[in-house]
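Notes for the structure review
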Amino acid sequence: MKSQKSVFAVIVVVVVIAAAAVAIAMHGSKKSDTTSSTSSANSTSSTKPTEGSSVVIQGYMFSPGNLKVKVGTTVTWTNRDAVAHTVTADVNSTDAPNSMNIDQNKSYSFTFNKAGTYTYHCTPHPYMKATITVTE
Ligand code: CU
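Here is what the cut-offs are and how they apply
Within each chain, residues carry numbers counting from 1 in the order of the written sequence. Where totals are concerned, whole chains, interfaces and linings use all residues; where local detail is concerned, this predicted model gives features only for residues with pLDDT of at least 70, and gives and counts side-chain atom pairs only at 80 or more. Excluded from the side-chain calculations are hydrogens and water; all other atoms, namely the structure's heavy atoms, are used. The donor set covers N, O and S atoms within 2.8 Å of the metal, switching to 3.2 Å for Na, K and Ca, and it leaves out water, so a site may look short of donors. A run of DSSP states H or I qualifies as a helix once it reaches four residues; a run of E qualifies as a strand once it reaches two. Both are numbered from the N-terminal end. Any residue under 20% of the maximum accessible area for its type is buried, any over 50% is exposed, and the rest in between are partly exposed; the area is computed with a 1.4 Å probe on protein chains only. Residue types Ala, Val, Leu, Ile, Met, Phe, Trp, Tyr and Cys, when buried and joined through side-chain atoms within 4.5 Å, form a set referred to as a nonpolar core. Two residues form a contact once any of their heavy atoms are found within 4.5 Å. DSSP bridges decide pairing: two strands pair if at least two such bridges lie between them.

Taken together, His85 (ND1), Cys122 (SG) and His125 (ND1) make up the protein donors of the copper ion, found 1.9 to 2.0 Å from the metal. The sequence pattern formed by the donor residues of the copper ion is H-x36-C-x2-H. Of the two residues, His85 is situated in the loop between strand 5 (74–79) and strand 6 (88–89) and His125 in the loop between strand 8 (116–121) and strand 9 (129–135); the sequence distance between them amounts to 40 residues. Here the two residues His85 and His125 agree in accessibility, since each one is buried.

In C-alpha cells form, the structure reads like this:
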C-alpha cells in the first residue's frame, strides 16, 4: 500500500511536469507564430511602393495604395466600381492630380512633372486614400 502510494505520487509528478512542458512548448510556439505572421504582414503592407503607371479603383480602394513612378510618368486610374470615384490630391496644386467624377470603366490620367509624395483621396468617399511617390 505504501509503495503503491509512492508510485502513484511519482506518476502524478511526471504527468504534471509533462503537462507543464507541453504548455510551455505550446505557448512558445504560439508566440513565435504570432511574431512571424506579424512580420510577414508588415512586409506586404500597402505602404510599400509598387512600381508601374496604372491604378485600379475597385471595391472602394485604390490599388496599389502606393504607386512609385519616375518624373514625367503619366499615371492612369481606371474605375471598376459601379459608383463614380474621383482622384483628388489632398493638397490642391497643378502638380497634383484632381479629377472630375470617374464613372465605371472610365479612366483618368495625370502626368507627374515634379518629384514628391502625393497623397490623394476620393471626394465622395474620403476614407479612400492612396499615395503616388514620384522620384527623379
Ligand atoms: Cu469613391
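There's more to say after this.
Turning next to the nonpolar core. The biggest cluster of nonpolar side chains holds 21 residues, and the ones touching the most others in it are Phe62, Trp77 and Ile132. Residue assignment for this core shows that the elements contributing at least two residues are strand 2 (54–57), strand 4 (66–70), strand 5, strand 7 (107–111), strand 8 and strand 9. Per-element tally for this core: the top contributor is strand 9, with three residues. Excluding residues within four positions of it along the chain, Trp77 makes contact with Val55, Ile57, Phe62, Val87, Pro97, Lys106, Ser107, Tyr108, Phe110, Phe112, Tyr120 and Ile132.

What follows covers the sheet that holds strand 9. Taken together, five strands build an open sheet; the order of strands is 1-4-9-8-6 and the sheet is mixed. Whereas interior strands pair on both sides, the edge strands pair on one side only; in this sheet they are strand 1 (50–51) and strand 6. Relative to strand 9, strand 4 runs parallel, the two sharing five bridges. Bridge pairing in strand 9 links Leu67 to Ile132.

Here the bond from Ser63 into Pro64 is cis, since omega is 0°, no more than 30 degrees from zero. Tracing the backbone shows Pro64 in the loop between strand 3 (62–63) and strand 4. With a phi close to 60°, Tyr60 is a non-glycine residue in the positive phi region. Checked against the element boundaries, Tyr60 lands in the loop between strand 2 and strand 3. Given a relative accessible area of 33%, Tyr60 falls into the partly exposed group. Phi is positive for Asn105, which is not a glycine, with a value near 65°. You can see Asn105 is positioned in the loop between strand 6 and strand 7.

Any functional reading would require information beyond the geometric quantities listed.
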